[in-house]
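Here are the chains, one letter per residue:
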Amino acid sequence: MANSRSGDSIITRVTRILESFDSTRITQTPSGVARRTGLPVSSAHRLMNELADNGFLERDDDGGFRIGMRLWELTTRGSNALGLRQVAMPFMEEVQAGIR
């Protein structure tokens, strides 16, 4: 169900916010996200704060936001990358022990 002037659902708006992060935009402000997503600044700010309150985004000291650990954790739960991590872990622990 849409609850915005544009008619976009909350899921669509949150998806647009999360998709605005990439390798060149690791940290973003709500106003920057609003420009890139077409959301009103107030909506971007409110949604980003809610995402941060739930661990999906993290706030920095300068008022920016970045992808949070909870989002990373959720994405690895059913990911094929989890199997790779489990296979690689003994080797990575050996490397870490060797170089401290």
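For the structure, check the block above.
Description of the structure in this document. (Residues numbered from 1 in each chain as written. Predicted model: local features only at pLDDT ≥ 70, side-chain atom pairs only at ≥ 80, totals over all residues. Heavy atoms only, no water.)

**Here we look at the nonpolar core**
In step 1: Membership of the largest hydrophobic core comes to 15 residues, with the highest contact counts inside it found for Ile17, Phe21, Met48, Leu51, Leu57 and Phe65.
In step 2: Counting only elements with at least two residues in this core, the list comes to helix H1 (10-19), helix H2 (30-37) and helix H3 (41-53).
In step 3: Residue contributions to this core peak at five residues, all from H3.
In step 4: With sequence-adjacent residues up to four places away left out, Phe21 is seen in contact with Ile26, Gln28, Met48, Leu57, Phe65, Arg66 and Ile67. (Core = buried A, V, L, I, M, F, W, Y, C linked by side-chain atoms within 4.5 Å. Buried < 20%, exposed > 50% of the residue type's maximum accessible area, 1.4 Å probe, protein only. Helix = DSSP H or I, 4+ residues; strand = E, 2+ residues; numbered from the N terminus. Contact = heavy atoms within 4.5 Å.)

**So, the packing of H1 against H3**
In step 1: With their axes 11 Å apart at the nearest point, H1 and H3 run at an angle of 80° to one another. In this view, H1 runs roughly perpendicular relative to H3, as classed from their interaxial angle. On H3, the residues touching Ile10, Arg13, Val14, Ile17 and Leu18 of H1 are Ala44, Arg46, Leu47, Met48 and Leu51.
In step 2: Its residues assigned to classes, the contact of H1 with H3 shows eight nonpolar, no polar and two charged. (Axes fitted to C-alpha atoms, helices over the stretch in contact; angles between N-to-C directions. Parallel < 35°, antiparallel > 145°, perpendicular 65-115°, else oblique. Nonpolar A, V, L, I, M, F, W, Y, C, P; charged D, E, K, R; others polar.)

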